[in-house]
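For reference, the chains in residue letters:
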Amino acid sequence: MEQVNGDTLAAARKVIAVHINYPSRAAQRGRTPAQPSYFLKPSSSLALGGSPVERPAGCELLGYEGEIALVIGKAARRVSIEDAWNHVAAVTASNDLGVYDLRWADKGSNLRSKGGDGFTPVGPALIPADAVDPAKLRIRTWHNGDLVQDDTTGDLLFPFARLVADLSQLLTLEEGDIILTGTPAGASVAKPGDVLEVEVETIDGGLSTGLLVTTVEEGTTAFADFGARPKVDDLQREEAYGSREAAGLAAVGPVLTPELKAKLESVATATLSSQMRKRGLNNVSIDGLQTTRPDRRVVGLARTLRYVPNREDLFKTHGGGFNAQKKAIDSVNEGEILVMEARGEKGTGTVGDILALRAQVRGAAAIITDGGVRDYSAVADLEMPTYFANPHPAVLGRRHIPWDTDITIACGGATVQPGDIIVADSDGILVIPPAIAEELVEDCIQQEKEETFIFEMVKQGNSVDGLYPMNAEWQAKYKEWAGTNE
């Protein structure tokens, strides 16, 4: 196969990069774009494999992202998706490097943060585009010998041909131009002395670019005072490393820790409802649904999906392919609960057996929809509970368009935001604001201790008068009882 050389780099007049394209990366970022978005990298950022890259002096966060690069073979202007791949000459490996320390100054352009010399190594070999199926490629990245990224192009948000066609609507892609097609989850931060390796190959292993090797060096020339200087905060560290945990940062704000989850699982939904009512929260129950698993109780963080009423012209643009419904299913994470807004429309299904199974495989704790469920028997056989309005055989396109994800929605008469804590069982479904969860559950535990005492006293023949609720005399007896019944 032909090797990437100086002529390859010289022919590239434009380097165009895609922000998010892999479902795994979308899940990590917590957002799934409806359309591809792009940024430009200077052609001067290109480098051959084996070349070192400099982490600029004063910078902390040199991010790496293994990617598949497309090399345009003939000019493309307003080409169709069907014709787009014919304009690609080859694919190769690339590493979309950049310093998060300068993102603050870019205002979204990524010019300074990702445009440095050597920030786009490519190679070493070119795989002819006509020799591969673009949906059957594999991308892998190693950091100091450890495999950190491993994904395929089988379920991209935006297949390669769509990217080429989309870009060509407005600008001419010229021979030699390079398109970086996005990175999967696992991208992180490299330090001076680290070695990064990226490889692209066909899934069957028949063709490979070989290893694109880049060694990180420490820069020695400080930024001048007359320009933007490096500046980072914990948000940029979290973005660069992929998570607060990976960046070594403490969790921020209320989270569903294993301890909090266990406490919420231990108290009744009726108790939770009572304590929220005491706090003035009366509209926090998702009503009117049944469950496939009345024996199960689930607690998890909400992810959200919204359907809008079907309109035939809009369904053509939003209903097919890897639509919002499939994106939501394919990005739900371990222990999360996917909550769907279907407007209480019962005349069609909003989830069926295949997508419900996919959610279960990804570790979802439950699916909640105020619409119908297709393939009811198969969905009911799954371990994962599904909460729904009714069974219905029709596909969602009869009444719905999958529209957007991870936004504030309404389900069963309650407002649900991404990150809300959902507690669901056969008695009902509650939406708990995360900020009050710790205090709420402690009060619930205390309430249930008191109710256990009251139950025992009633069982012994005592009247509920003055006992439920407890007056001062019974409060004193309760304290004595509690001291010996911890």
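What you see is a predicted model, and the numbers here were worked out from it, not measured in a lab.

The rules behind each value
Residues numbered from 1 in each chain as written. Predicted model: local features only at pLDDT ≥ 70, side-chain atom pairs only at ≥ 80, totals over all residues. Heavy atoms only, no water. Axes fitted to C-alpha atoms, helices over the stretch in contact; angles between N-to-C directions. Helix = DSSP H or I, 4+ residues; strand = E, 2+ residues; numbered from the N terminus. Parallel < 35°, antiparallel > 145°, perpendicular 65-115°, else oblique. Left-handed = near helix turned anticlockwise from the far one by under 90°. Contact = heavy atoms within 4.5 Å. Nonpolar A, V, L, I, M, F, W, Y, C, P; charged D, E, K, R; others polar. Phe/Tyr/Trp six-rings, centres within 6.5 Å; stacked < 30°, edge-to-face > 60°. Buried < 20%, exposed > 50% of the residue type's maximum accessible area, 1.4 Å probe, protein only. Pairing = 2+ DSSP bridges.

Quick look at the packing of helix 8 (residues 258-266) against helix 14 (residues 437-459) now. Viewed as axis vectors pointing N to C, helix 8 and helix 14 meet at an angle of 40°, and their least axial separation amounts to 10 Å. Our classification of the angle between helix 8 and helix 14 gives oblique. The way helix 8 lies across helix 14 gives a crossing that is left-handed. Within the contact between the two elements, helix 8 uses Leu260, Lys263, Leu264 and Ser266 and helix 14 uses Ala437, Glu438, Val441, Glu442, Ile445 and Glu448. For the contact of helix 8 with helix 14, a count of residues per class yields five nonpolar, one polar and four charged.

Before going further, it helps to examine the environment of isoleucine 329. Along the chain, isoleucine 329 falls in helix 11 (residues 324-331). Placed 15 residues apart in sequence, isoleucine 329 and leucine 314 show a C-alpha to C-alpha distance of 21 Å. With residues near it in sequence (within four places) discarded, isoleucine 329 still touches Leu338, Met340, Leu355, Arg358, Ala359, Arg362 and Ile367.

Taken as a whole and assessed by the stated rule, the structure comprises six aromatic pairs. Between tyrosine 376 and phenylalanine 388, the aromatic rings sit 5.5 Å apart at their centres with planes inclined by 50°, giving tilted as the arrangement. With a gap of twelve residues between them, tyrosine 376 in helix 13 (residues 376-380) and phenylalanine 388 in strand 23 (residues 386-388) connect regions that are remote in the sequence. Residue classification places tyrosine 376 among the partly exposed positions, given a relative accessible area of 32%.

On the basis of which strands lie adjacent, the open sheet formed by seven strands has the order 2-1-12-6-7-9-3 and mixed pairing. Strands with a single pairing partner mark the edges of an open sheet, and in this sheet they are strand 2 (38-41) and strand 3 (46-48). Neighbour-to-neighbour, the strand axes of this sheet turn through a mean angle of 35°, independent of strand direction.

Read these as layout, nothing more, since geometry by itself doesn't imply function.
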